[in-house]
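# Remarks on the overall topology
Here is what each chain is made of, one letter per residue.
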Amino acid sequence: MSKIQMKNPIAELDGDEMTRVLWAVIKEKLLEPYVDLKTEYYDLGLKHRDDTDDKVTYEAADAIKRLRVGVKCATITSNAARMEEYNLKQLTPSPNGILRGELDGTIFRAPIFVKNIHCNVTSWKKPIVLGRHGYGDVYKNCEIKTPGAGKAELVFTGEDGKEIRKTIQVMKGPGIIQGIHNLDASIESFARCCFNYALDQKIDCWLGTKDTISKTYDGNFKAIFQKIYDEEFKEKFEKCGIEYFYTLIDDAVARVMKSEGGMLWACKNYDGDVMSDMIASACGSLAMMTSVLVSPNGEFEYEASHGTVQKHYYRYLKGEKTSTNPVATIFAWTGALAKRGELDGTQDLVDFAKKLEKATLDTIESGVMTGDLALLAQPKAEKIVNSWEFIDAIAEKLN
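This write-up is about the structure you can find in this document. (Residues numbered from 1 in each chain as written. Predicted model: local features only at pLDDT ≥ 70, side-chain atom pairs only at ≥ 80, totals over all residues. Heavy atoms only, no water.)

## Observations concerning helix α11 (residues 327-344)
With 18 residues, α11 should reach 26 Å at 1.5 Å per residue; the first-to-last C-alpha distance of 25 Å fits that figure. Looking one or two places after α11, you find glycine 345, whose phi comes out positive at around 70°. (Helix = DSSP H or I, 4+ residues; strand = E, 2+ residues; numbered from the N terminus. Expected span 1.5 Å × (residues − 1).)

## Structural notes on the side chain of threonine 324
On the secondary structure map, threonine 324 appears in the loop between α10 (310-317) and α11. A distance of 2.7 Å separates polar atoms of two side chains, one belonging to threonine 324 and the other to threonine 322. Apart from residues lying up to four places away in sequence, threonine 324 is in contact with Met18, Leu22, Val309, His312, Thr370 and Ser387. (Polar contact = N/O pair within 3.5 Å; in protein donor to acceptor, adjacent residues only side chain to side chain. Contact = heavy atoms within 4.5 Å.)

## Structural notes on the sheet that holds strand β16 (residues 300-304)
Here 10 strands make up an open sheet; going across it, the order is β4-β2-β5-β16-β15-β6-β7-β14-β12-β13 and the pairing mixed. The open sheet has two edge strands, β4 (39-43) and β13 (244-248), and neither has a second partner. Strand-to-strand, the axes of this sheet are offset by a mean angle of 20°, without reference to chain direction. For strand β2 (residues 10-14) and strand β5 (residues 69-72), the ladder comprises 3 bridges, and the chain directions are parallel. Bridge pairing in β5 links glutamate 12 to valine 71. Sheet contacts for helix α8 (residues 249-258): β12 (205-209), β13 and β14 (264-267); angle to β13, the most-contacted strand, approximately 115°. (Pairing = 2+ DSSP bridges. Axes fitted to C-alpha atoms, helices over the stretch in contact; angles between N-to-C directions.)

## Considering the pairing of β16
Two faces belong to every sheet, and in a regular strand the side chains alternate between them. Counting buried residues along β16, 5 of its 5 residues qualify, which places the element largely inside the surrounding structure. The alternating pattern of β16 places Phe300, Tyr302 and Ala304 on one face and Glu301 and Glu303 on the opposite face, and all of these are buried. Two strands pair when backbone bridges link them, and β5 and β16 are joined in this way by 4 bridges, in the parallel orientation. Across the sheet, the residue bridging to lysine 72 is glutamate 303, located in β16. In terms of strand pairing, strand β15 (residues 289-294) meets β16 through 5 bridges, oriented antiparallel. Bridged to serine 291 within β16 is glutamate 303. Adjacent in sequence and paired antiparallel, β15 and β16 are bridged by 5 residues, among which glycine 298 carries a positive phi angle near 85°. (Buried < 20%, exposed > 50% of the residue type's maximum accessible area, 1.4 Å probe, protein only.)

## Re the packing of aromatic side chains
All chains considered together, the criterion is met by 18 aromatic pairs. The interplanar angle of 25° and the centroid separation of 6.3 Å between the aromatic rings of tyrosine 313 and tyrosine 316 together place this pair among those described as stacked. Taken as a pair, tyrosine 313 and tyrosine 316 lie in helix α10 at a separation of 3 residues, close to a single helical turn. For tyrosine 316, a relative accessible area of 31% translates into the label partly exposed. By the ring-pair criterion, three or more aromatic residues cluster together here, those being Phe190, Phe195, Phe225, Tyr229, Phe233, Phe237 and Tyr244. Directly above the ring of tyrosine 139 sits arginine 132, whose terminal nitrogen or CZ lies 5.0 Å from the centroid. The ring of phenylalanine 221 has lysine 268 lying over it, and the distance from NZ or CZ to the ring centre is 6.0 Å. (Phe/Tyr/Trp six-rings, centres within 6.5 Å; stacked < 30°, edge-to-face > 60°. Lys NZ or Arg CZ within 6 Å of the ring centre and 35° of its normal.)

## Structural notes on the packing of helix α12 (residues 347-365) against helix α14 (residues 387-398)
Two elements in contact, α12 and α14, have axes separated by 8 Å at closest approach and are oriented at 120°. By the angle between their axes, α12 is oblique relative to α14. The two elements α12 and α14 meet at a crossing, and its hand is right-handed. Between α12 and α14, the contacting residues are Phe352, Lys355, Leu356, Ala359, Thr360, Asp362, Thr363 and Ile364 on the first element and Phe390, Ala393, Ile394, Lys397 and Leu398 on the second. Tallied by class, residues from the contact of α12 with α14 come to 8 nonpolar, 2 polar and 3 charged. (Parallel < 35°, antiparallel > 145°, perpendicular 65-115°, else oblique. Left-handed = near helix turned anticlockwise from the far one by under 90°. Nonpolar A, V, L, I, M, F, W, Y, C, P; charged D, E, K, R; others polar.)

## Quick look at the environment of threonine 212
Tracing the sequence through the fold places threonine 212 in the loop between β12 and α7 (217-240). With relative accessibility at 39%, the residue threonine 212 sits in the partly exposed group. For the pair threonine 212 and leucine 248, spaced 36 residues apart in the sequence, the C-alpha separation amounts to 8.0 Å.

Listed below in structure tokens is the structure:
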């Protein structure tokens, strides 16, 4: 059988632990037999990032900008325990945070629906797309543990030397203070990405912040979104029959829980981090969630929204074949291949990606699934398999 040809490569960002193991199996069993796979490979495994002082992460970001499409395996963000385990030189930043910052990107996540895995929120009939701002907030914060009583101040010194100074709190004893920031340009990119994605998907766009309390910080998000919508997108939305809707974040949560889904919910960075996991869990599993980082320049980086599955990896190292769910990682590849085909005008590559997605879902709906889904399936799973058997079953469906 002749393989599908790719006109241009995609940036391939390898990762860590169990997802790295399954990454190679997915390529071997589900991609390489059918596609003449062209990639530029970057090893974002924790030790290699440490060895290169994160140079490889910035090289990978540059490759995504140049090639316009990337696919990423889950990676470890280091902490004290990981530093000791991997004998690291230093605590390295989140690679996802670096990529988001370099691409000025917005993360769009949506649950993968299958007929025999039912949402815990019974009103949800359509996937909720979560648009998460990929810059600032606590992910680029500055923190101090204060040793005793004193005055905490917020100070901004302009390039002209003029100061703006505000008292945060006169503290009567030890405590903590935190400084966070955002940039108008990044919020503007976030708004445009969300509005463009909503138009592309033909779904309503919601934004929720807490501008009644955070009148300046959260209020800035509200104001910028409204300005860009009114000036650039209002007529397009009306023509498409969709709407932009703003409400407070707590009201947005209440409305989402009672809705049937089918909207793009735009959230600030931390809100999006939390709410995307809530949506994924309510729909079944973090391993059943697509994730794509979209830049305002039209660059796309696809990844699984879950972690490296550390506990399963330790069991794998002992010789066990684990029942780790690879669906989100498969869909990261299909998303990247479909986008590559779309940008290059290679329809057979787009069609292959859709067929692989269908084969994956058909396998689950036939009753063959990994252990995490078997706990949720109705009717019950006919066969619970390990990851390798599950990937083989998908390959059989694909053939």
